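Chain and residue survey
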Amino acid sequence: MKKIIPLLAVLAIVITSCQKEKSLEASQASDIAGNWIFVSMSAKTKNVIEYDDGGDVMKSITTSEYTTINNKGGVKITGDKFISTGVGYDVSADAYAEMYENGNLLTSLTMPFDFSVPSSSSQAPYIRVNADSMYFTSGGFVDMGSGGIPSLPVGAKIKKDQNKLILTMNILQTSTQDVMGMVQKITNEATVVTTLQRQ
């Protein structure tokens, strides 16, 4: 009987490639400065776990897609920092999981994917790369439900829509871990879109 590996998606904020260019002049970067309300965060996630179990290649693929609800808090953007205050939200969605053995589908299931991120405050330094992108040097400013504010650098695309600021992050993380003598390769991918509204 094969051991079933965890199938719930693991959200993680990780480094994404973002080539640093010369920062904009302060006057050019001021277009996003000011006070903003946290409107929502939408995410599409994919978690893949692979390992060898006595010569059999086991793989699980778990995906989810959601938009946060019960959003609260706000963000002050300065020339070099995102200062979030009381930002929190809930997620109520489903995760879809598939389990494979040697490329053959063994089982699939849909599971509730519900969690709450309590209100928290943080500061996230950033560099404005150009008119439509930035680079958070110490991690993002919104808790992704992974246990805390991200602490690794991450790039973000900027879109302005009237009084809204929309930030899109494409995230990719690979790692390995030993579980009961089996080395698992774990790949986490996510596209995360955070929407703010100017106060």
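Summarised in this report is the structure supplied together with it. Model, not experiment: these values are computed from the prediction. (Residues numbered from 1 in each chain as written. Predicted model: local features only at pLDDT ≥ 70, side-chain atom pairs only at ≥ 80, totals over all residues. Heavy atoms only, no water.)

Some words on the overall build of the protein
- Looking only at helices and strands, one finds one helix and nine strands in the protein.
- Taken from the N to the C terminus, the helices and strands of the protein come in the order α-β-β-β-β-β-β-β-β-β.
- Out of the 199 residues in the protein, the part that is buried amounts to 42%.
- At a minimum sequence separation of 6, the contacts of the protein that also span at least 24 residues come to 64%.
- By element, 51% of the accessible surface of the protein is carried by carbon and sulfur atoms, the whole surface being about 10200 Å². (Helix = DSSP H or I, 4+ residues; strand = E, 2+ residues; numbered from the N terminus. Buried < 20%, exposed > 50% of the residue type's maximum accessible area, 1.4 Å probe, protein only. Contact = heavy atoms within 4.5 Å. Areas by Shrake-Rupley, 256 points an atom, 1.4 Å probe, with all protein chains shown as cover.)

Observations concerning the packing of aromatic side chains
- In this structure the tally under the stated criterion is seven aromatic pairs.
- Look at Tyr-66 and Phe-113: their rings are 5.9 Å apart centre to centre, the planes differ by 55 degrees, and that puts the pair in the tilted class. Separated by 47 residues along the polypeptide, Tyr-66 in strand S2 (residues 56-67) and Phe-113 in strand S5 (residues 104-130) bring together distant segments of the chain. For the pair Tyr-66 and Phe-113, a shared accessibility class is recorded, and that class is buried.
- Every member of this aromatic cluster is reached through a ring pair, and the members are Tyr-66, Phe-113 and Phe-115. (Phe/Tyr/Trp six-rings, centres within 6.5 Å; stacked < 30°, edge-to-face > 60°.)

Here's the deal with the environment of Ser-138
- Tracing the chain through its elements places Ser-138 in the loop between strand S6 (133-136) and strand S7 (154-161).
- Classification of Ser-138 by relative accessible area gives partly exposed; the value is 41%.

Some words on the environment of Asn-170
- Topologically, Asn-170 is positioned in strand S8 (residues 164-179).
- Taking the C-alpha atoms as reference points, Asn-170 and Gly-155, 15 residues apart in sequence, are found 7.8 Å from one another.
- In terms of polar contacts, Asn-170 uses its side chain to reach the side chain of Thr-191, at 3.1 Å. (Polar contact = N/O pair within 3.5 Å; in protein donor to acceptor, adjacent residues only side chain to side chain.)

Structural notes on unusual backbone geometry
- A positive phi angle, near 55 degrees, is found at Gln-162, a position not held by glycine.
- Residue placement: Gln-162 occurs in the loop between S7 and S8.
- Since its relative accessible area comes to 80%, Gln-162 is described here as exposed.

A look at the nonpolar core
- In terms of nonpolar packing, the biggest core is built from 35 residues, with Ile-77, Phe-82, Phe-136, Phe-141 and Leu-196 touching the most fellow members.
- Top element by residues in this core is strand S4 (residues 81-101). It accounts for seven residues. (Core = buried A, V, L, I, M, F, W, Y, C linked by side-chain atoms within 4.5 Å.)

Remarks on the environment of Leu-109
- Relative to the elements of secondary structure, Leu-109 occurs in strand S5.
- Sequence-wise, Leu-109 and Tyr-96 are 13 residues apart; in three dimensions their C-alpha atoms are separated by 5.9 Å.

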